[in-house]
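Examination of the molecular architecture
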Amino acid sequence: MSTADIVIKNGTIVTSETSYKADVAIQSEKIVALGENLSGTREIDATGKLVTPGAIDVHVHLEMPIGDFVSADSFFTGTRAAAIGGTTAIVDFVETQPDETMLTALAVRQKKAAKSVIDYGFHMTICPTDINKLDQLPAVYQAGCASFKLYMAYGLRLDDGQILQALEAVRNVGGMPVVHAENWEVITSMIARNLDAGRIEPRWHPRSRPSIMEGEAAGRVINIATLVGTPLYIFHVSCAEVVNRIAAACQDGLPIYGETCPQYLFLTDTAYDEADVEGALPVCSPPLRTPADQVHLWEALAQNSLQVVSTDHCPFTRAEKATGLEDYSRIPGGVPSIEMRFPAMYTFGVQSGYFSVNRWVDICCTTPARLFGFQRKGHIAVGYDADVVIFDPNCEVELSTDSLHEDVDWTPYDGLVMTGWPAMTLSRGELIVEDGCFVGQPGRGRFVTRRLT
Ligand code: DUC
Ligand code: ZN
Ligand code: ZN
């Protein structure tokens, strides 16, 4: 073949299926050849390194208005941090105002995302005020939003009848529904009872959102999805009760999928016992759970009862978190994880022996691409986008607010040591991260038209 733009030489290619030594040739944004002794205008030596697909994070909230606040990372700072950690595509969210069409809301959100440094897509949220707009779903799917978000909690929650209608409409366009599964009636009753009794501290957050009720909500929506005959993807699984329901559905051959997130794999509910704002910082929903739940999640990832690790990256500052110290239900929920996910899953998933290097790539890259319709991403193969990470398995990085690039003044992972970190990140053939430094341009990321068929 003719000389390629870039050739990554001497690395070990890791896919979800296999690992092997080969060079990777890149031309005009694509992988154009895999083989031995390839030559390129620029040659990058990857001796001793793993060459993986760029990771895909299908659950992030960047500059997202939530309650009185806006989540701390912008599309620029959040995607820059993601790229430094080896993530080359994200999926964020669109919420439609009552007097707007879904396509208008999509266009508004696309404008917001214009400074992204990596490629992106959006889940279209179906809010209660969207139930009479379900005839817009074919146009939304056509526009490239192949997945639809349903809430069972918060102000945007749908009741069971609305969930039935929404799932039928998503099924009819061939989309993937994603769901936040919690039992809002029980949660709000327990919060009211606690606040009435003066139980206002963050430690009451997990006690108001018991895992048995996360399991109940997940079971209920799995049943409705099964009745409707649609696949379903459950967001931020935190506990054994949900894992067991997904595993049972998979056993029955149903297309039910689940993700968990770093916060549930690395932190536990004792974090809420810390004094002052420290106890408020890790408030997220569902809440952090027990060490036993944590082990269950790791084992579920190994056994394919959970298929994906995403982040639910949704940071708020220390000052914003502190506004809820007199009422834990007002603490803005969410933690930062967008940068550490891919290396953390290598260090604590692969190095700790939970699963293989191929399963790591499957969980972080290939399955998220497949389930969410990134048809040219998530794999190292000819014809795919040259979204590639050159991963140094020996590079040690200690996580801290200083070492991370997220635009927020704390991290829940302070002091956690990664053994393995991206040496380089390429997005569509462009080198955008080198030795931990971002070297790309704001706005180079593109909206990806996702399709499931
Ligand atoms: N929980 C959510 O459901 N979304 C944003 C952050 C959080 O903690
Ligand atoms: Zn959620
Ligand atoms: Zn979320």
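Above this text you will find the structure in question.
Here we summarise the structure given alongside this text.

Remarks on the pattern of salt bridges
Going through the model one piece at a time under the given rule, you end up with 21 salt bridges. Across the salt bridge formed by Glu434 and Arg42, the nearest N and O atoms sit 3.7 Å from each other. With Glu434 in strand E20 (residues 430-434) and Arg42 in strand E6 (residues 40-45), the pair connects residues that are 392 residues apart, well separated along the chain. Looking at Glu434, the relative accessible area reads 27%, which means it is partly exposed. Residue Asp119 pairs with Lys377 through a salt bridge whose shortest N-O separation is 2.8 Å. Separated by 258 residues along the polypeptide, Asp119 in strand E12 (residues 119-125) and Lys377 in the loop between helix H14 (357-371) and strand E18 (388-398) bring together distant segments of the chain. Three or more residues are tied together by salt bridges with common partners; here these are Glu29, Lys30, Asp119, Arg376, Lys377, Asp385, Asp387, Arg428 and Arg446.

A few points about the environment of Gln142
Structurally, Gln142 is set in helix H3 (residues 137-142). Put simply, Gln142 and Phe235 are 93 residues apart on the chain and 24 Å apart in space, counted from C-alpha to C-alpha. Ignoring any residue separated from it by four or fewer positions in sequence, one finds Gln142 in contact with Thr449 and Arg451.

A look at the coordination of the zinc ion (ligand 3)
Protein-derived coordination of the zinc ion (ligand 3) comes from His59 (NE2), His61 (NE2) and Asp312 (OD), at a distance range of 2.0 to 2.1 Å. When the donor residues of the zinc ion (ligand 3) are listed from N- to C-terminus, their spacing reads H-x1-H-x250-D. Between the zinc ion (ligand 3) and the zinc ion (ligand 2), the interatomic distance is 3.6 Å. Accessibility assignment for this pair places His59 and His61 in one class, buried.

Topic: the packing of aromatic side chains
A full pass over the atoms with the stated rule returns 21 aromatic pairs. A centroid spacing of 5.8 Å and a plane angle of 65° characterise the contact between Tyr120 and Phe122, whose relative ring orientation is edge-to-face. Like Tyr120, the residue Phe122 is buried in the burial classification. Aromatic pair Phe266 and Tyr413: ring centres 6.2 Å apart, planes at 80°, arrangement edge-to-face. In this pair, Phe266 sits in helix H9 (residues 262-266) while Tyr413 sits in the loop between E18 and strand E19 (417-427), placing the two residues 147 residues apart along the sequence. Judged by relative accessible area, Phe266 falls into the buried class, the value being 18%. Each member of the aromatic cluster is reached from another via a ring pair, and the members are Phe266, Trp298, Phe348, Tyr354, Phe355 and Tyr413. Over the ring of Trp204 we find Arg203, and its NZ or CZ is 5.2 Å from the ring centre. The ring centre of Phe374 lies 5.8 Å from the NZ or CZ of Arg450, which sits over that ring.

Conventions adopted
- Residues numbered from 1 in each chain as written.
- Chains lettered and ligands numbered in written order.
- Predicted model: local features only at pLDDT ≥ 70, side-chain atom pairs only at ≥ 80, totals over all residues.
- Heavy atoms only, no water.
- Salt bridge = Lys/Arg side-chain N within 4 Å of Asp/Glu carboxyl O.
- Helix = DSSP H or I, 4+ residues; strand = E, 2+ residues; numbered from the N terminus.
- Buried < 20%, exposed > 50% of the residue type's maximum accessible area, 1.4 Å probe, protein only.
- Contact = heavy atoms within 4.5 Å.
- Donors = N, O, S within 2.8 Å, 3.2 Å for Na, K, Ca; no water.
- Phe/Tyr/Trp six-rings, centres within 6.5 Å; stacked < 30°, edge-to-face > 60°.
- Lys NZ or Arg CZ within 6 Å of the ring centre and 35° of its normal.

The analysis is restricted to geometry; functional conclusions fall outside its scope.
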